[in-house]
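Single-letter residue listing:
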Amino acid sequence: MVQDFPKESVTELEMDESVSPHQQDESGIRVEGSAPDRFGLWKKGGRVLSVLIATNILLLGCSLITSGSVAGVPIEEKDVLAFLCALMLLSVLWMCVQMYLTSKHQNAVLFKDSHAGPIWLRGGLVIFGICTLLLDGFKLGHNLGYMRCTSKLMIIYPVIQGVFVIVQIYFFWVSSKHCIQIHINLMRCGLMLILTTNLAVWMTTVTDESSHLSREMMESLNYTKKDEMEFLSKDDESSHNSSCNCNSVCILLRKAYYYLYPFNLEFSLFACAMSYVMWKNVGRLMDDHVPHPHHLKLRSVREIPFMGLICGTSMLVVGVALFVVYELHLKNEQLRNQVLTTFFIFHVICLSLMSIAALGGIIVFKFDRRQMDNRKNPSRSLDVALLFVATIGQYCISYYSIVAMVASNPRDRLKALTLTYSLLLIVQHTIQNIFIIEGLHRQLPNDWQPQHKAPPQPPRKDSSTLDSASHHTFQQEPSSKPRVSITSIRATLSTSLSTHRKRRRLLREICAFLLLGNILFWILPAFGARLRFDNNLEVKFYGMTMWVLINNICLPFGIFYRMHAAACIVELSLQP
């Protein structure tokens, strides 16, 4: 027996193939009543399936990457690279298929998430992607120098990664806002494949960079004991035959691409975040006609945060200059303590100023009477979750340092500075997280709410009823009272608007200062400033093996926190 459906219902069924006819009424709207919510169960089942596939891929990748990085385990680097190449090729194939299906199916993208993939996030992805392509080019040039005595995968891998980066940039630039409505199970599994591939690349890069830095630190501290060296990863040069020699260009390229590792790390994490938001938006029904602060621009020169930019830029320039001096004189035994003390003092001052600025932003929020926005928002939920997860890494290494300094009686100046620095890191992260999270959950002002009403129109001349009623009203009441009330309302609105503009200007100044401060604290550790490693205090307390492991696990989270916090602060500064 064939059941008849109204035209509206048939149209809606074509739009959403996952909804059964029993879940819709005559107007085509999904009904959640006494009947079982098959859509909800199917949605959860599809997500669970994609998460299980991603978990298995990720665990397999962790096993190979960690095994291939430890000396004595018969897993070679070419095995890890073969696994990564397979993942990247599958991801590239899926992205091409997804973009083709989306372009051919007219009902593939019926809704868009205006909060997902803002222009500054996609722009950051492009910048980090370009730096990653430079990294791949340097690696390719370096590996070509060993072409006669190395695995072909060492040459193929940078090429495949370059293709993966280019396709991924285009894919996210075009599709980051899409709420896909077709082949939903396939789309969720494919997005999880991209996410796990980027995580695997991130873990491989972290392992390479950590082993390189650990080896340099141990050489500078003259650690040669075998029992302290066993944990180290395999050296890239040791994988080549002893007869292999590379010219000075290869050595220069090898030193150059290590400085590009931080950009590759950030690109992988940005791609992971955008993949997750797209995964959450698959099959989602939402309205895109809501104004969003990402679309706003500074309307005049007066709204540019000059003081915040000047103070933040000054701190950034001084920090970079001190970092250069720090790197040049760190190995000089006579100047080592002086350089470390100066750099620690600079960090303490900067962290104090950033904590005061974030606390000022929280106080400004307390005087703002706007309510909190607790509506469902995958992008905002991911931002908050990443802030908490990344903060844990910095908390962990700070508390280890605090325990070491307190237990070793911090009467020495360098020990006292290390203890103060660790405490201020915890305080600054905590206050800044509160400031960012509270700002992200603030509702838009009343004039930016989507349900704002149009101003009342004056009575039409062709309506005799309205004219007579209006004439009767003006005869009954004195004309001065309406004028006084209108003047009072205008004065109140003008005062409220002026106060709001002052608060927004102050918040933009704070955001500009915190943005440049977080960029500075991303640059310093990302390019080799390891203060709590170079002071040699925690190394003596915990031992080289344990302290290297703590740093290699926690520092990547701290570096990611700074970049992610900077991205969230950009979003706050663009709010009306």
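Residues numbered from 1 in each chain as written. Predicted model: local features only at pLDDT ≥ 70, side-chain atom pairs only at ≥ 80, totals over all residues. Heavy atoms only, no water.

**Notes on the overall build of the chain**
No. 1: When its secondary structure is counted, the chain shows 18 helices and two strands.
No. 2: Every one of the 576 residues in the chain was classed for burial, and the buried ones make up 48%.
No. 3: Carbon together with sulfur atoms contributes 63% to the accessible area of the chain, which is approximately 30100 Å² in total. (Helix = DSSP H or I, 4+ residues; strand = E, 2+ residues; numbered from the N terminus. Buried < 20%, exposed > 50% of the residue type's maximum accessible area, 1.4 Å probe, protein only. Areas by Shrake-Rupley, 256 points an atom, 1.4 Å probe, with all protein chains shown as cover.)

**Description of the side chain of Asn198**
No. 1: Tracing the sequence through the fold places Asn198 in helix H6 (residues 184-220).
No. 2: Judged by relative accessible area, Asn198 falls into the buried class, the value being 1%.
No. 3: Residue contacts for Asn198: discarding those within four places in its chain leaves Phe164, Gln168, Phe267, Ser268, Ala271 and Cys272. (Contact = heavy atoms within 4.5 Å.)

**Remarks on the packing of helix H11 (residues 336-367) against helix H13 (residues 413-440)**
No. 1: Taken N-terminus to C-terminus, the directions of H11 and H13 make an angle of 25 degrees; their axes are 8 Å apart at the nearest point. In terms of orientation, H11 lies roughly parallel with respect to H13. The two elements H11 and H13 meet at a crossing, and its hand is left-handed.
No. 2: Considering only residue class, the contact of H11 with H13 consists of 19 nonpolar, ten polar and three charged. (Axes fitted to C-alpha atoms, helices over the stretch in contact; angles between N-to-C directions. Parallel < 35°, antiparallel > 145°, perpendicular 65-115°, else oblique. Left-handed = near helix turned anticlockwise from the far one by under 90°. Nonpolar A, V, L, I, M, F, W, Y, C, P; charged D, E, K, R; others polar.)

**Examining the environment of Ile184**
No. 1: As for its position among the elements, Ile184 is in helix H6.
No. 2: Note on Ile184: relative accessible area 5%, which makes it buried.
No. 3: Taking C-alpha positions, Ile184 is 6.5 Å from Val282, a pair spaced 98 residues apart along the chain.

**A short note on the packing of aromatic side chains**
No. 1: Applying the stated criterion to the full structure yields 16 aromatic pairs.
No. 2: Pairing Trp202 with Phe557 gives two aromatic rings, centres 6.2 Å apart and planes at 65 degrees, and the pair type is edge-to-face. Residue Trp202 is located in helix H6, and its partner Phe557 is located in helix H18 (residues 544-573); the two are separated by 355 residues in the primary sequence.
No. 3: For Phe557, a relative accessible area of 29% corresponds to the partly exposed category.
No. 4: Where Tyr326 meets Phe343, the ring centres are 4.6 Å apart and the plane angle is 25 degrees; that geometry is what we call stacked. Of this pair, Tyr326 sits in helix H10 (residues 306-329) while Phe343 sits in helix H11, and the two are 17 residues apart along the sequence.
No. 5: Accessibility expressed as a relative area gives 1% for Phe343, which makes it buried. (Phe/Tyr/Trp six-rings, centres within 6.5 Å; stacked < 30°, edge-to-face > 60°.)

**Considering the nonpolar core**
No. 1: Membership of the largest hydrophobic core comes to 124 residues, with the highest contact counts inside it found for Phe171, Phe435 and Ile436.
No. 2: Ignoring anything within four residues of it in the chain, the contact list for Phe435 reads Ala358, Gly361, Ile362, Phe365, Leu507, Ile510, Cys511, Leu514 and Leu572. (Core = buried A, V, L, I, M, F, W, Y, C linked by side-chain atoms within 4.5 Å.)

**Here we look at a nonpolar patch on the surface**
No. 1: A surface patch of nonpolar side chains, amounting to about 400 Å² of accessible area, comprises Ile119, Tyr170, Trp173 and Val174.
No. 2: At three residues, the largest contribution of residues to the nonpolar patch is made by helix H5 (residues 153-175).
No. 3: By the element assignment, Ile119 lies in helix H4 (residues 119-144). (Patch = residues over 30% accessible without salt bridge, like charges linked within 9 Å, V, L, I, M, F, W, Y side chains within 5 Å. Salt bridge = Lys/Arg side-chain N within 4 Å of Asp/Glu carboxyl O.)

**Notes on unusual backbone geometry**
No. 1: A positive phi angle, close to 65 degrees, is found at Asn536, a residue other than glycine.
No. 2: By the secondary structure assignment, Asn536 is in the loop between helix H16 (531-534) and helix H17 (537-542).

**Let's talk about helix H9 (residues 261-281)**
No. 1: Here H9 is 21 residues long and its end C-alpha atoms lie 31 Å apart, about the 30 Å a rise of 1.5 Å per residue gives.
No. 2: The buried count for H9 comes to 20 of 21 residues, which makes it a mostly enclosed element. (Expected span 1.5 Å × (residues − 1).)

**Some details on the packing of helix H12 (residues 378-407) against H18**
No. 1: Direction vectors running N to C along H12 and H18 enclose 140 degrees, while the axes themselves pass 8 Å from each other. The angle between H12 and H18 falls in the class oblique. As for the relative orientation of H12 and H18, their crossing is left-handed in sense.
No. 2: Looking at the contact of H12 with H18 residue by residue, the classes come out as 17 nonpolar, seven polar and two charged.

**Brief notes about the environment of Ile402**
No. 1: In this structure, Ile402 sits in helix H12.
No. 2: Each C-alpha atom of the pair Ile402 and Thr420 lies 8.7 Å from the other, and the pair is 18 residues apart in sequence.
No. 3: Apart from the residues within four sequence positions on either side, Ile402 is in contact with Leu419, Ser422, Leu423 and Ile426.

**Quick word on the state of the cysteines**
One way to say it: the disulfide is the covalent bond shared by the sulfur atoms of two cysteines.
No. 1: Scanning the model with the defined rule gives zero disulfides in all.
No. 2: No disulfide involves Cys554; its sulfur sits 3.7 Å from the nearest other cysteine sulfur, which is in Cys396. (Disulfide = S-S within 2.5 Å.)

**Focus on the environment of Ile431**
No. 1: With respect to the helices and strands, the residue Ile431 is situated in helix H13.
No. 2: Look at Ile431 and you get buried, because its relative accessible area is 17%.
No. 3: Between the C-alpha atom of Ile431 and that of Gly360, which follows or precedes it by 71 residues, the distance is 9.9 Å.
No. 4: Every residue in contact with Ile431, bar those within four places of it in the chain, is listed here: Ser355, Ala358, Leu359 and Ile362.

**Here's the deal with the side chain of Asn535**
No. 1: Within the secondary structure layout, Asn535 lies in the loop between H16 and H17.
No. 2: At 3.3 Å, the side chain of Asn535 forms a polar contact with the side chain of Thr418.
No. 3: Of note is the side chain of Asn535, whose polar atom sits 3.4 Å from the side chain of Glu538.
No. 4: The contact partners of Asn535, leaving out residues within four places of it in the chain, are Leu340, Phe344, Leu414 and Thr418. (Polar contact = N/O pair within 3.5 Å; in protein donor to acceptor, adjacent residues only side chain to side chain.)

**Focus: the pattern of salt bridges**
No. 1: One pass over the full model with this rule turns up three salt bridges.
No. 2: Lys78 serves as the salt-bridge partner of Glu76, at 3.7 Å between the closest nitrogen and oxygen.
No. 3: Lys78 gets classed as partly exposed once you look at its relative accessible area, which sits at 38%.
No. 4: Among the ionic pairs, Arg505 bridges to Glu509, the shortest N-O distance being 3.9 Å.

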